[in-house]
Amino acid sequence: MTVDGGTPAGAAPVLDTAPYRDVVVRVDLDDLRSAAVFAGLLLVGLLLASVGPETSAGLATDARSAASRVPWQILLGLTVLAQAAVLVAALVAPVVLLVRRRPRLLLTGGLAIVLALVASAAFHAALAARFPTPEVAVVRPELEDLGPGLGVVAALAAVLATLRPSRTWARAWWSLLAVLVVLDVLLQVSGPLDAVASVGVGGLVGVLVTLTCGRTVRVLTTHGVRETLSGAGLEVTEVREAATAGTPRVVHAWAADGGTLSVTVVDRRSWRRERMSRTYRRARLRTGVDEEGSTSPVRALALEAALLQLAAAGGARVPTVRALARAPEGEALLACDQIEGRRLDDVPAAAVTDGVLHAAWTQVASLRGARVAHRELSLRHLVLADDGGIGVTDLGHGEPGAPEQVLAGDVAELLVATATLVGPERAAAAAHAVLGPTPVAAAVARMVPAALTPATRALLQDGETGLDDVVAVTCRVAGVAEPVFEKIERFRPRTLVAGAMIVVAVYFLAPQLADLPGLLETVREVDTAWLVPVVLASAATYLGAALGLAGGTPGRVPVGEASAVAVAASFVATFAPPGVGQVGLNIRYLQRRGFPTPVAVSASAAKEAAVLTVHLTLLAAFALWAGTTDALARELEGLPSGRTLGLWGLGAAVVVGAVFVVPAARRLVRERVVPAVRSSVTAMHEVITSPAKMIALLGGVVLLPLGYAVCLYFSVRAFDGDVGFVAVALVSLTAGTVATAAPVPGGVGAVEAVLVASLTGIGLDGATALAAVVLYRLATFWLPIAPGAVAFRVLTRREVL
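Source: prediction; values computed, not measured. (Residues numbered from 1 in each chain as written. Predicted model: local features only at pLDDT ≥ 70, side-chain atom pairs only at ≥ 80, totals over all residues. Heavy atoms only, no water.)

Within the protein one finds 30 helices and 12 strands. Of all 801 residues assigned to the protein, the portion counted as buried reaches 44%. Residue pairs in contact within the protein that sit at least 24 positions apart in sequence constitute 77% of those at least 6 positions apart. Carbon and sulfur atoms form 65% of the exposed surface of the protein, whose accessible area is close to 38,700 Å². (Helix = DSSP H or I, 4+ residues; strand = E, 2+ residues; numbered from the N terminus. Buried < 20%, exposed > 50% of the residue type's maximum accessible area, 1.4 Å probe, protein only. Contact = heavy atoms within 4.5 Å. Areas by Shrake-Rupley, 256 points an atom, 1.4 Å probe, with all protein chains shown as cover.)

How two helices pack is summed up by the angle between their axes together with the distance between the axes. At a minimum axis distance of 9 Å, the contact between helix α14 (residues 437-444) and helix α16 (residues 467-478) shows a crossing angle of 150°. It follows that α14 is roughly antiparallel to α16 by the angle criterion. In terms of crossing hand, the pair formed by α14 and α16 is left-handed. Of the residues in α16, those in contact with Pro 437, Val 440, Ala 441 and Val 444 of α14 are Val 471, Thr 474, Cys 475 and Ala 478. Of the residues assigned to the contact of α14 with α16, the class counts are 7 nonpolar, 1 polar and no charged. (Axes fitted to C-alpha atoms, helices over the stretch in contact; angles between N-to-C directions. Parallel < 35°, antiparallel > 145°, perpendicular 65-115°, else oblique. Left-handed = near helix turned anticlockwise from the far one by under 90°. Nonpolar A, V, L, I, M, F, W, Y, C, P; charged D, E, K, R; others polar.)

When the pLDDT values of the protein are averaged, the result is 77; 72% of them are 70 or greater. For the protein, per-element mean pLDDT is lowest for helix α23 (residues 633-637), which scores 46, and highest for strand β11 (residues 390-392), which scores 95. Confidence over residues 1-14 falls short of pLDDT 50; this stretch has 30 contacts with residues more than four positions distant or in other chains. Predicted confidence for residues 631-642 stays below pLDDT 50, and this span has 13 contacts to residues more than four positions away or in other chains. (pLDDT = per-residue confidence, 0-100.)

Enumeration over the complete set of coordinates arrives at 4 aromatic pairs. When the ring of Tyr 713 is compared with that of Phe 725, the centres are 5.4 Å apart and the planes differ by 85°; the resulting orientation is edge-to-face. Placement of Tyr 713 in helix α26 (residues 691-717) and of Phe 725 in helix α27 (residues 725-739) is noted, with a sequence separation of 12 residues between them. Taken together, the ring pairs in this structure connect Trp 530, Tyr 713, Phe 714 and Phe 725 into an aromatic cluster. The ring of Phe 781 carries Arg 777 above its face, with NZ or CZ at 4.8 Å from the centroid. (Phe/Tyr/Trp six-rings, centres within 6.5 Å; stacked < 30°, edge-to-face > 60°. Lys NZ or Arg CZ within 6 Å of the ring centre and 35° of its normal.)

Glancing now at the nonpolar core. Counting 56 residues, the largest nonpolar core has Leu 344, Trp 361, Leu 382, Ile 390, Leu 414, Leu 415 and Met 447 as the members making the most contacts within it. When residues of this core are assigned to their parent elements, the largest contribution, 8 residues, is made by helix α12 (residues 404-422). In terms of nonpolar packing, the next biggest core, distinct from the first, is built from 27 residues, Ala 718, Ala 727, Ile 762 and Ala 771 among them. (Core = buried A, V, L, I, M, F, W, Y, C linked by side-chain atoms within 4.5 Å.)

Now for the pairing of strand β7 (residues 332-337). Counting buried residues along β7, 5 of its 6 residues qualify, which places the element largely inside the surrounding structure. Across 6 bridges, the pairing between strand β5 (residues 260-266) and β7 is antiparallel. Of the residues in β7, the one forming a bridge with Val 266 is Ala 332. Alignment of strand β6 (residues 321-326) against β7, held across 5 bridges, turns out to be antiparallel. Across the sheet, residue Leu 324 finds its bridge partner in β7, namely Leu 334. (Pairing = 2+ DSSP bridges.)

Take the sheet that holds strand β3 (residues 236-241) next. Backbone-to-backbone hydrogen bonds join strands into a sheet, with any given pair of strands oriented parallel or antiparallel. Pairing in this open sheet of 5 strands is antiparallel, and the strands run β3-β4-β5-β7-β6 from one edge to the other. The sheet is open, and its two edges are formed by β3 and β6, each paired on a single side. Strand-to-strand twist of the sheet, defined as the mean angle between neighbouring strand axes without regard to direction, takes the value 25°. Packed on one face of the sheet, helix α8 (residues 222-231) meets β3, β4 (249-255), β5, β6 and β7 and runs near 140° to β3.

Let's shift gears to the side chain of Ser 378. With respect to the element layout, Ser 378 can be found in the loop between β9 (372-373) and β10 (382-385). Discounting residues that sit within four places of it in the chain, Ser 378 has contacts with Glu 413, Thr 453, Ala 455 and Thr 456.

Turning next to the pattern of salt bridges. Considering all chains together, one arrives at 15 salt bridges under this definition. Residue Glu 404 pairs with Arg 371 through a salt bridge whose shortest N-O separation is 3.7 Å. Of the two residues, Glu 404 sits in helix α12 while Arg 371 sits in the loop between α11 (354-369) and β9, which places them 33 residues apart along the sequence. For Arg 371, a relative accessible area of 34% corresponds to the partly exposed category. Ionic pairing is found between Glu 399 and Arg 375, a salt bridge with its closest N-O pair at 3.5 Å. Of the two residues, Glu 399 is situated in strand β12 (residues 399-400) and Arg 375 in the loop between β9 and β10; the sequence distance between them amounts to 24 residues. A single salt-bridge network, built from bridges that share partners, covers Asp 257, Arg 322 and Asp 337. (Salt bridge = Lys/Arg side-chain N within 4 Å of Asp/Glu carboxyl O.)

Together, Leu 87, Val 88, Leu 91, Val 92 and Val 96 make up a nonpolar patch on the protein surface, roughly 450 Å² of accessible area in all. Residue placement: Val 92 occurs in helix α3 (residues 72-99). (Patch = residues over 30% accessible without salt bridge, like charges linked within 9 Å, V, L, I, M, F, W, Y side chains within 5 Å.)

Once that is clear, we can look at α16. Between the first and last C-alpha of α16 there are 16 Å, a value that for 12 residues agrees with the 16 Å anticipated at 1.5 Å per step. What α16 keeps buried is the set Leu 467, Val 470, Val 471, Val 473, Thr 474, Cys 475 and Ala 478. Buried residues along α16 sit against α12, α13 (424-435), α14 and α15 (454-462). Downstream of α16 by a residue or two, Gly 479 has a phi angle that is positive, lying close to 80°. (Expected span 1.5 Å × (residues − 1).)

What follows covers the sheet that holds β11. Ordered in space as β8-β10-β11, the 3 strands form an open sheet in which the pairing is antiparallel. Sheet topology places β8 (341-343) and β11 at the edges, where each strand pairs with a single neighbour. Across the sheet, the mean angle from the axis of one strand to that of its neighbour is 30°, orientation sign disregarded. Bridge analysis of β8 against β10 gives 3 bridges, and the strand direction is antiparallel. Bridge pairing links Arg 342 to Leu 384 in β10.

Along the chain, Glu 413 falls in helix α12. This buried residue, Glu 413, is left without a salt bridge; Arg 457 holds the nearest opposite charge, at 7.3 Å. Excluding its chain neighbours within four sequence positions, the residues that come into contact with Glu 413 are Leu 377, Ser 378, Ala 451, Leu 452, Thr 453 and Thr 456. (Lys, Arg positive; Asp, Glu negative; His and termini not counted.)

One can describe the packing of α12 onto α13 by two numbers: an axis separation of 7 Å at closest approach and a directional angle of 140°. The pairing of α12 with α13 is recorded here as oblique in orientation. Between α12 and α13 the crossing geometry is right-handed. Note on element contacts: α13 touches α12 through Pro 424, Arg 426, Ala 427, Ala 428, Ala 431 and Leu 435, opposite Val 411, Leu 415, Thr 418, Ala 419 and Val 422.

Right under this line is the structure:
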């Protein structure tokens, strides 16, 4: 009997009667890869439209001049054929999907088409308004406007991104899309690269629809696994899903000739994920070898099978390969004898004796002798067999003929992992006893977090042993005087985010920087009398943060010390995501003062809840004030009508409702948002009984946003800006606050771009707005970094942090 995995606990097993089943997936790395490609196309279109419109128009002119030599009848026939193919597909595809009982695909495809048409129209209207593109003469006057149109290109890209046709049809449809793009470039009078941007817009819409509604994929069932293995000559009597899901997928099988098998199943989705992971790792890390991915799932598992046989020939205890098979839709299956026992990460620390450590390092020595690098030698890939020996599994990321540098990574990985169980002394002594001093000394260079697997890093975070302790003991045992670490990382992930935000900032600030001489002239005319008020307003925000923390904590918190912590947070914020640095530092500070962790977290949550409440209250108050004083009359006249705003609100409500239909979103609200709100309410209830605490809390959280608003206003006044305080305060409370949520420390780039655009929108000229924002950011972000570093060092030395 074949049992289908994934059934709920206590439910009757589901019998597999077909080799494949349909499964709906919502998050797929393939979709993220597609989103990156489509975003790249969109970015190319934006950059060329904003930076080089004349250049792109010239390229289009040359292309159309070359195409003019082709008889116009050929271009007309190609246009008719391409558009006829799109029309036939639009009529036939719904019928095919209904006949094949795929209404879900039909609905998601239709939704993608509608949203792509709307998004394409809105995008090109906004692009034309911001960056007018010079018109280019078409190839032939008689062919003018016969191109498919930007909407058709965007809609087809959205459908292909949403439905993702099979490999047989995918090339044909993407080739048709390329033909439509070329025809649009040649036959439309719109911008020459608008069609390229349309592909990006439509593709991103399709990916978003997929992430929201999910995608139906065909998954090989356990019955299909049994049939595939039987076709490869390996008869099995039963196949069951593994108890825990993972990547790649592993199922258990029982061979007809006896023995338990572990079957690795790699389909094209998981294979592409692995290729993406290898590509990213190769770009980010100096791994010591060229991590080229395999060309198919079968070749990937063939490499693992070869590694297992090489390791076995070198004396390592690894699973014996029984079969390598290919399923009907390209999945690869690798069946190996299962090593009976428990994974070492499931074994209690007390059971990891010196004999177990010796056996584990003996396996490492065998792998090194065969020149096979495991590259993920964490505890979960070592098995404590029933006979007391150690087996090595999962060589899917391994490397044959590995250099010493890569082999040292295995030693570092296992040494750190075992140190979290038995302590650095025993772990280093066992490694030294089996391998000797040279391999252990070479492993020190790889003992950096980036070179360790996520599983081992998690053990370090959860345990009492730190990485510095392991390094110090290993150096002493190996006789190394001073650790010398390799530079593993070429760049950090946040560097990519920072680079993206810089690109966004340049995009929005480019029109303002075009008047650089005007900006320099404006800076020379700064009124220095306003500089002191600007600095004092910035300093007031740190006092507000300290009062809010002291008032929101049920216990004594010195305001002076809390102010120093707030200043130190300005230094930490340059290396942490927005909001995380200050919140984490506040919790750490309260813990150091003796508050239990739940109280520290609740106090910080109470302060943040109060800040949000007061912020919204101030926003409403200033909005009403602006309405009564006509401070934003000119800008309010340019807003959309009430009917339009109502439709936008209805659309937003529909989107929010659709999100909450998704089980993952409901689970997030239930498991994360609701407990956080309850924690904040509990903390506020304890604080509200003290009038002094309430005064400090409310005074602090009012001073915090007002300080930023006043600082921005004084910065505007320093350059003789004639905008009222109410308008500037609204900019600070809305646009400025939203921009700080950008996923980059301090909101660098996003804050400057949004504030400049907002101040320009309320009447300031570009040079004055940019100069005011530069002064404001100097006072609130850049200048506090140096005193923040000093405060952080002093507080750390005094063990306040």
